[in-house]
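Per-entry structural report
Read off the chains here:
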Amino acid sequence: MVQLLKMSLFALLLLLLSGIDDRQQLLAQSNSVSADSQRYTTPLILHRADPWIYRHTDGYYYFTATVPEYDLLEVRRARTIEGLAEAEPRVIWRKHESGPMGSHIWAPELHYIDGKWYIYFAAGGAEDVWAIRMYVLENSSANPLTGEWVEKGQTKTRWETFSLDATTFEHRGTRYMVWAQHPPGYDGNTALYIAEMDTPWSIVQPQVELTRPEYEWEKQLFKVNEGAAVIKRNGKIFMTYSASGTDHNYAVGLLTADVDADLLDPESWHKSPTPVFKSSVENGIYGPGHNSFTTTPGGAVDLLVYHARSYKEIEGDPLDDPNRHTRVQVLRWNEDGTPDFGIPVPDNAPTSPEKR
């Protein structure tokens with residue numbers, strides 16, 4: 001704390017003595033020092049997988065994630081990252097008792113598009129729980145914890161096959177959707193696809209495959225590429241994704257494209273041959289993945305949001321184990337402008353009554 005105070009005072013002294021015009025840049029550097037020294041409570045939120053944190057223009061952080069029962073969607077908000085842990089979640093939608101959207105309610109994401117809120121999520125059928133498809137809800141209220149959430153239906157793709165983990169981002173006036181889907185005839189599970197969107201709940205063809213499991217680290221337990229998230233920095237578009245089964249093998253990969261590239265051309269994307277974020281035996285954190293990105297309140301420091309467990313061995317199906325907890329840590333940047341994910345930080349708070 002004393003060292004941090006000295007650094008902050010030094011930054012202010014430079015402002016007074018140097019006479020430089022670019023005061024905002026210096027203050028941003030000072031803020032970076034403060035945020036980079038911050039250690040968030042880890043895990044931040046218990047029993048919440050596939051975490052999504054969005055910092056809105058109203059000054060609130062909004063949080064949604066998969067609940068262990070796989071039966072509903074909830075949203076909470078707080079003024080700070082730490083405040084999300086104690087914020088009261090509001091259930092905004094429950095699974096259907098029959099038909100589509102009746103089971104396996106997974107991986108919700110909350111987006112604000114053209115003055116309305118949208119939640120993208122995956123769901124299976126009540127009678128066929130593995131008929132996983134992508135769906136969208138809409139809310140026109142200023143506060144997504146209030147108002148009415150309207151079902152906009154299923155996001156249709158080229159094939160009527162297992163599909164999930166939709167995310168969306170805008171680039172130079174075009175909105176894109178990225179998702180995971182099982183391509184017909186594939187002997188594995190899912191690949192990642194991208195397409196342009198014509199509404200916040202629908203895409204236009206063609207859909208283009210960006211990646212499918214090819215390296216051994218992507219094919220452990222299951223052949224999976226899923227859970228994409230996008231961050232644009234330093235003239236590049238970085239797209240993370242998660243691979244392998246949801247046990248300790250789960251890890252994060254990275255696709256990179258230039259901001260001037262054709263994002264619908266698979267050749268525009270470079271794929272890292274090794275995971276950029278994976279289990280840390282040293283720190284006792286296993287299966288990190290299905291991440292999202294947010295920033296500190298001033299926007300000066302990027303944050304990595306992800307889930308992971310505090311133990312390696314799992315009895316039975318990993319999907320039946322509820323102890324994927326939400327975690328947040330600073331995302332650093334290398335001198336060449338690429339992200340440095342580091343390793344999962346160790347726990348500094350109790351995890352679960354079932355296992356610690």
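Every chain begins its residue count from 1, and numbering advances along the sequence as written. Given that the model is predicted, a residue must reach a pLDDT of at least 70 before its local features are reported, and side-chain atom pairs must reach 80 or more before they are shown or counted; all residues, however, enter totals for whole chains, interfaces and linings. Computation of side-chain values: all heavy atoms of the structure, hydrogens and water removed.

1. Examining the pattern of salt bridges
Worth spelling out the cut-off: Criterion for a salt bridge: a side-chain nitrogen of Lys or Arg within 4 Å of a carboxyl oxygen of Asp or Glu. Where helices and strands are cited, they refer to DSSP runs of H or I of at least four residues and of E of at least two residues respectively, numbered from the N terminus. Three labels apply to residues, based on accessible area from a 1.4 Å probe with only protein chains included: buried if under 20% of the type maximum, exposed if over 50%, partly exposed otherwise in between.
Per the stated rule, a full pass over the model turns up 17 salt bridges. With a closest N to O distance of 2.7 Å, R172 and D260 form a salt bridge. Here the residue R172 occupies a position in the loop between β9 (163–171) and β10 (174–181), and D260 occupies one in the loop between β16 (251–258) and β17 (270–271), the gap between them amounting to 88 residues. Relative accessible area serves as the criterion here: at 58%, R172 is assigned to the exposed category. Accessibility expressed as a relative area gives 59% for D260, which makes it exposed. Taking the shortest distance from any N to any O, the salt bridge between R309 and D321 comes out at 2.9 Å. Of the two residues, R309 is situated in strand β19 (residues 302–309) and D321 in the loop between β19 and β20 (325–330); the sequence distance between them amounts to 12 residues. What emerges from the salt-bridge pattern is a single network uniting R48, E74 and R76.

2. Section: the sheet that holds strand β7 (residues 133–139)
We apply this condition: At least two bridges found by DSSP between two strands are what make those strands a pair. To define axes, lines are fitted to C-alpha atoms, for helices over the stretch in contact only, and angles between the resulting N-to-C directions are given on a 0 to 180 degree scale.
Strand order in this open sheet of 4 strands is β5-β6-β7-β8, and the pairing throughout is antiparallel. Taken across any chain shown, the strands that pair with only one partner, and hence form the sheet edges, are β5 (103–113) and β8 (150–154). Within this sheet the neighbouring strands show an average axis-to-axis angle of 25°, counted without direction. In this structure, strand β6 (residues 116–124) lies alongside β7, joined through 7 bridges in antiparallel fashion. From the neighbouring strand, Y118 faces β7, where its bridge partner is E138.

3. What to know about the pairing of strand β3 (residues 72–78)
Burial analysis of β3 places 6 of its 7 residues in the buried class, the great majority of the element. Direction of pairing for strand β2 (residues 61–66) relative to β3: antiparallel, over a ladder of 3 bridges. Bridging from a neighbouring strand, F63 pairs with R76 of β3. The hairpin turn running from β2 into β3, its antiparallel successor, is 5 residues long, and Y70 in that turn takes a positive phi close to 55°. In terms of strand pairing, β3 meets strand β4 (residues 90–94) through 4 bridges, oriented antiparallel. Looking at β4, one finds that L72 is bridged to R94.

4. Things to note about the side chain of T157
As a reminder of what qualifies: Residues adjacent in sequence count toward polar contacts only when both atoms are side-chain atoms; beyond that, a polar contact is any pair of N or O atoms within 3.5 Å, and within protein one must be able to donate a hydrogen and the other to accept it. Throughout, a residue-residue contact means that at least one pair of heavy atoms, one from each residue, lies within 4.5 Å.
Within the fold, T157 resides in the loop between β8 and β9. Of note is the side chain of T157, whose polar atom sits 2.8 Å from the backbone oxygen of W159. Of note is the side chain of T157, whose polar atom sits 2.8 Å from the side chain of Q181. Not counting the four nearest positions on each side in its chain, T157 is found in contact with M134, W179, Q181, I203, Q205 and Q207.

5. Thoughts on the sheet that holds β3
Within the open sheet, the 4 strands sit side by side as β1-β2-β3-β4. Their pairing is antiparallel. Lying at the two open borders of the sheet, with one neighbouring strand each, are β1 (49–55) and β4. The mean inter-strand angle of the sheet, taken between neighbouring strand axes irrespective of direction, is 20°. Where β1 lies against β2, 5 bridges are found, and the strand directions are antiparallel. Within β2, the residue paired with W52 across the bridge is T64.

6. Concerning the environment of L264
Locating L264 in the fold gives a position in the loop between β16 and β17. Each C-alpha atom, one on L264 and one on E196, is 8.4 Å from the other, the two residues being 68 residues apart in sequence. Non-local contacts of L264, meaning those with residues more than four positions away in its chain, are made with Y176, I194, A195, E196 and V208.

7. Some remarks on the nonpolar core
The test is simple: In these notes, a set of buried Ala, Val, Leu, Ile, Met, Phe, Trp, Tyr and Cys residues joined through side-chain atoms within 4.5 Å is what counts as a nonpolar core.
The biggest cluster of nonpolar side chains holds 27 residues, and the ones touching the most others in it are W106, F169, I194, M239, L263 and W269. Those elements giving two or more residues to this core turn out to be β5, β9, β10, β11 (191–199), β13 (208–211), β15 (236–243) and β16. Not counting residues up to four positions away in its chain, the partners in contact with M239 are F169, V178, L192, L210, A228, A229, V230, G253, L254, L255 and W269. Membership of the second largest hydrophobic core comes to 18 residues, among which are W93, M101, I105 and Y135.

8. Re the packing of aromatic side chains
Heads up, the condition is: What counts as a ring pair is set by centres within 6.5 Å for rings of Phe, Tyr and Trp (its six-membered ring), and what kind of pair is set by the plane angle: stacked under 30 degrees, edge-to-face over 60, tilted for all other angles. Whether a charge sits over a ring depends on NZ of Lys or CZ of Arg being within 6 Å of the ring centre and within 35 degrees of the ring normal.
Per the counting criterion, the structure on display carries 15 aromatic pairs. Judged by centre distance (5.0 Å) and plane angle (50°), the rings of Y62 and W117 are tilted. Here Y62 is found in strand β2, whereas its partner W117 is found in strand β6, with 55 residues between them in sequence. Accessibility classification places Y62 together with W117 in one group, the buried group. Measuring from ring centre to ring centre gives 5.6 Å for W159 and Y193, while their planes differ by 75°; the resulting arrangement is edge-to-face. Taken together, the positions of W159 in the loop between β8 and β9 and Y193 in strand β11 put the pair 34 residues apart, joining distant regions of the chain. Site record: aromatic cluster; members linked through ring pairs are Y54, Y60, Y62, Y112 and W117. In this structure, R77 is placed above the aromatic ring of Y60, and the distance from its NZ or CZ to the ring centre is 3.7 Å. Over the ring of Y186 we find R212, and its NZ or CZ is 4.6 Å from the ring centre.

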